[in-house]
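Geometric and topological summary
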Amino acid sequence: MLRAIRLSVELDFTIEENTYETICEMAYLLEKSSNERIRDEFSKIMVSQYVEKGVFLLKNTGLLNYIIPELLEGDGMPQRGDHLYDVLEHNIKTAAYIRNNLNLRLAALLHDVGKPRTLVEVEGVRSFPAHDKKSAEMAEEILKRLRYPKETIIEV
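One structure accompanies this document, and this report is about it. A quick note: this is a predicted structure, and the numbers were derived from the prediction, not measured.

Calculation criteria
- Residues numbered from 1 in each chain as written.
- Predicted model: local features only at pLDDT ≥ 70, side-chain atom pairs only at ≥ 80, totals over all residues.
- Heavy atoms only, no water.
- Buried < 20%, exposed > 50% of the residue type's maximum accessible area, 1.4 Å probe, protein only.
- Helix = DSSP H or I, 4+ residues; strand = E, 2+ residues; numbered from the N terminus.
- Contact = heavy atoms within 4.5 Å.
- Polar contact = N/O pair within 3.5 Å; in protein donor to acceptor, adjacent residues only side chain to side chain.

1. Focus: helix α6 (residues 102–110)
Buried within α6 we find Asn-103, Arg-105, Leu-106, Ala-108, Leu-109 and Leu-110. Turning to α6, the residues buried within the fold contact α3 (35–46), α4 (51–61), α5 (87–97), α8 (131–145) and α9 (150–155). Where α6 starts, the residue carrying a side-chain oxygen 3.1 Å from the main-chain nitrogen of Asn-103 turns out to be Asn-101.

2. What to know about the environment of Ala-107
Within the element layout of this structure, Ala-107 appears in helix α6. A residue is classified by how much of its surface remains accessible, and Ala-107, at 25% relative accessible area, is partly exposed. Residues Ala-107 and Glu-70 lie 37 residues apart in sequence; the distance between their C-alpha atoms is 14 Å.

3. What to know about the side chain of Glu-41
The topology assignment puts Glu-41 in helix α3. Aside from chain neighbours lying at most four places away, what touches Glu-41 is Leu-2, Arg-3 and Arg-6.

Dropping the structure here:
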C-alpha cells in the first residue's frame, strides 16, 4: 500500500480507483509491517517531487493513522492570525516548500505537530504556548518509533 503511494508520487501517476479503494479498506494491515519498512517507504515519499500529494494520499487512505497519527490531531484545527491552513495542512505544505532533503522535510512536517496538544483559548483568542518544545519532543518520539537513525533524530 505504501509502495503504491510512493510510486505514484515518484512517477507522478494517479492510483487506479479500485486499488485506491482497496488501500483505504485495508489500511489497518499496515500495523503488521515493521517500522523499518514503513520508515523506508515513508522516507522515499518525503523526498519525492510530489511530497505534498504523497502525504495527503497517506492521510486520505487512512495509512497516516498507522505512520504518524499525531499529525492528524491538527486536521481541521484552525491556527490563529494570518494562517491560511489548519495545523495539518500547514505542516504538509511546509514540508513541500522545503528543498529536497529528508531531514529538512521531516523537520518541516513535524515542526508544529505539538500545536494541538498545547492549544489554549482565552476569550476566543487561540494560542499554542511552548508548542515548539512540545513539537520537538513529539518529533523525537515519532522518529524513534519509526526507527530513524540517531543522527537523523538529532538533526531533525
